[in-house]
Amino acid sequence: WVTLYELPTATTRHDSTTVSVYQDVDEEEETDSILGYGHSKDHRPDLKQFKVMLSTLDPVGLPLTCQVVNGKRADDKLYIPSYESAAVALGHRRFLAVGDSKMGAIGTRCYLAAKGSFYLTAFREPAADAVELAQWVETALAHESEWQHLEQVNEHTGEIKTLAHIYAWEREQTAVHPERNEPFTWQERVLVTHSLALQAGMTKNREKSCQRLYQALDKLAQTPQRGRKRYRSQAELIEVTDKLLHKYKMTGVVNVTYKSQPHPDGGERWQVADYHCDAAAWEKMVSHLGWQVYLSNAATDLYTDLDLVLTYRRQPRLERGISRLKSRNLHIRPVFLHDEQRICALTWLLFLALRVVVLLEFRV
């Protein structure tokens, strides 16, 4: 396929999906089964499932390899076998492997670098430390003059639109070599990227959360009476409002004041007196929204920082193929087969059909 249609082999993508099945497995057979309970991407945790690990070839999105594994296995252990099968299919290792944050484990990155390949992965928790990520964002905000700008030209209007800002640097990474069992060191680029579209979407969600917070605070501002909870101390009311601020992610942004009234029984009743949004705190919060971190060991003469970010943003091509496999074109689910060899055979057959669909679309 690659040779006949002269497809480029510079970039592969790797991701997994789950497929639910409508059958059960005997307890004796469960250890060797490909079916198991796990995190369901079909939103059916009540059903057993198997997992399909796919690799595709850019820029076509052509399905390259397919692996069927147990549905309860974690994704982070599937990237190396997927990478190896892609390397065998392509016949070389000088390509860029792109994956989501679950590919960002230090062991996976070390393996690809030691094998002479390039990787591009998102870097988020739990592979990343939240405090370290926050420090990187602060560093990027403090060096705004050094940002690179990822821009796109509208083909119809000619308007230049900024998609993202990038602040990048290199660091040295060391881990245990996968074969020689000794320290292995390589250079890695850190790309702290600010997506304007992501920031706009997250800001809109925060505005909605702020409105819901205001509605909850309005209820606490009403005078206590029959059917409404009475707060006998300021500390009790502060505990409730602090939970609301944390729930809606407005701690330090919305300030709340309190007041008390005498109660006929001789005690006090506390309620919210007023609340307001701190404009400076709101602007600071918005400036920290929409940031993502990518890691890559690709050489700068092969891929610039802008090239890497633009490459990762093409991830929906793989997700589109998964959507076609599961619903729109090929309908792999629901699966009613009981023989697991037939389940694997069905998956591989539909995988070949997906390859035909993608290639036809590309050629047309």
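Numbering of residues begins from 1 in every chain and follows the order in which that chain's sequence is written. With the structure being a predicted model, the display of local features is reserved for residues of pLDDT at least 70 and the display and counting of side-chain atom pairs for 80 or more, all residues being used for whole-chain, interface and lining totals. Only heavy atoms go into the side-chain values, all of them from the structure, while hydrogens and water stay out.

### Focus: the confidence of the model for the protein
The pLDDT value tells you how sure the predictor is about a given residue, anywhere from 0 up to 100. On average, the protein scores 88 in pLDDT, and the residues at 70 or more come to 97%. When pLDDT is averaged over each helix and strand of the protein, the minimum, 85, is found for helix H8 (residues 316-328) and the maximum, 95, for strand S5 (residues 118-122). Under the DSSP-based scheme used, a helix requires at least four consecutive residues in state H or I and a strand at least two consecutive residues in state E, with every element numbered from the N terminus.

### Let's talk about the pattern of salt bridges
Think of a salt bridge as a Lys or Arg side-chain nitrogen and an Asp or Glu carboxyl oxygen that are within 4 Å of each other. Summed over the entire model, instances satisfying the criterion amount to 15 salt bridges. With a shortest N-O distance of 4.0 Å, lysine 102 and aspartate 75 are connected by a salt bridge. With a gap of 27 residues between them, lysine 102 in the loop between strand S4 (96-99) and helix H2 (106-114) and aspartate 75 in the loop between strand S3 (62-70) and helix H1 (79-90) connect regions that are remote in the sequence. A salt bridge links glutamate 361 to arginine 320; its shortest N-O distance comes to 3.1 Å. Of this pair, glutamate 361 sits in helix H9 (residues 340-363) while arginine 320 sits in helix H8, placing them 41 residues apart in sequence. Among the residues examined, arginine 320 registers a relative accessible area of 37% and is labelled partly exposed. A simple rule labels every residue: compare its accessible area, found with a 1.4 Å probe on the protein chains alone, to the largest value its type can have, and call it buried under 20%, exposed over 50%, or partly exposed in between.

### Details of the pairing of strand S2 (residues 49-57)
Within S2, nine of the nine residues are buried, which leaves it mostly tucked inside the rest of the structure. Burial along S2 is two-sided: Gln49, Lys51, Met53, Ser55 and Leu57 and Phe50, Val52, Leu54 and Thr56, pointing in opposite directions, are all buried. Pairing geometry for strand S1 (residues 11-20) and S2, over nine bridges, is antiparallel. Residue pairing across strands places valine 19 opposite phenylalanine 50, the latter belonging to S2. What makes two strands pair is DSSP finding at least two bridges between them. Note: S2 against S3, eight bridges, orientation antiparallel. Looking at the pairing, valine 52 lines up with valine 68 of S3. Taken together, S2 and the strand that follows it, S3, pair antiparallel across an intervening segment of four residues, in which glycine 61 is found at a positive phi of about 80°.

### Observations regarding unusual backbone geometry
For the bond running from aspartate 58 to proline 59, omega is -5°, close enough to zero to count as cis. Take proline 59: it is sitting in the loop between S2 and S3. Its identity as a non-glycine residue notwithstanding, asparagine 181 has a phi of 55°, on the positive side. Counting through the fold element by element, asparagine 181 comes out in the loop between strand S7 (160-176) and strand S8 (183-195).

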